[in-house]
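Structural description and commentary
Letter by letter, the chains look like this.
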Amino acid sequence: MIESARPHIEEAYRLLTGECYRGPSPEEMQPVEGVCTIVMDLQRIDCAVGKPGESLFAAIADTIQAAYVEITAARNALKSPPASQLPE
């Protein structure tokens, strides 16, 4: 039953974590894992339309960030062995 959830959680994670790169120069850019790019985009839009944190875009970003945290936690939980299988 839990195994049937794994592909859905992985797909949700993939959809939320588009490509993101960081580096000191364009030639030295490295991929960054685990960044919710949708939230970053919504925060940029929020800042562009007015005072940061006051638009609907900010509220949507907060909700998506919370969902991302929960999906990441579920993803990590599925990677860990059940407590019943841990050595004593």
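About the cut-offs
Residues numbered from 1 in each chain as written. Predicted model: local features only at pLDDT ≥ 70, side-chain atom pairs only at ≥ 80, totals over all residues. Heavy atoms only, no water. Helix = DSSP H or I, 4+ residues; strand = E, 2+ residues; numbered from the N terminus. Buried < 20%, exposed > 50% of the residue type's maximum accessible area, 1.4 Å probe, protein only. Polar contact = N/O pair within 3.5 Å; in protein donor to acceptor, adjacent residues only side chain to side chain. Contact = heavy atoms within 4.5 Å. Salt bridge = Lys/Arg side-chain N within 4 Å of Asp/Glu carboxyl O. Axes fitted to C-alpha atoms, helices over the stretch in contact; angles between N-to-C directions. Parallel < 35°, antiparallel > 145°, perpendicular 65-115°, else oblique. Left-handed = near helix turned anticlockwise from the far one by under 90°.

Within the secondary structure, arginine 75 is located in helix H3 (residues 56–79). Arginine 75 sits in the buried class, given a relative accessible area of 17%. Side-chain polar atoms of arginine 75 contact the side chain of glutamate 10, separated by 3.0 Å. Residue contacts for arginine 75: discarding those within four places in its chain leaves Ile9, Glu10 and Tyr13.

A few words now on the pattern of salt bridges. Evaluated as defined, the whole model comprises 4 salt bridges. Among the salt bridges present, the one from glutamate 10 reaches arginine 75, with a minimum N-O distance of 3.0 Å. Remark: arginine 75 occurs in helix H3 and glutamate 10 occurs in helix H1 (residues 2–16); sequence separation between them is 65 residues. According to the relative accessible area criterion, glutamate 10 is partly exposed, its value standing at 29%. Here arginine 14 makes a salt bridge to glutamate 11, at a shortest N to O gap of 2.7 Å. With arginine 14 and glutamate 11 both in helix H1 and 3 residues apart, the pair spans about one turn of that helix. A residue is classified by how much of its surface remains accessible, and glutamate 11, at 34% relative accessible area, is partly exposed.

With that out of the way, let us pick up the packing of H1 against H3. As a packed pair, H1 and H3 sit with axes 10 Å apart at the nearest point and diverge in direction by 140°. With respect to H3, the axis of H1 lies oblique. Note on packing geometry: the crossing formed by H1 with H3 is left-handed. Each of Ile2, Arg6, Ile9, Glu10, Ala12, Tyr13 and Leu16 in H1 lies in contact with H3, whose residues at this interface are Ile64, Tyr68, Ile71, Thr72, Ala74, Arg75, Leu78 and Lys79.

None of this, on its own, says anything about what the molecule does.
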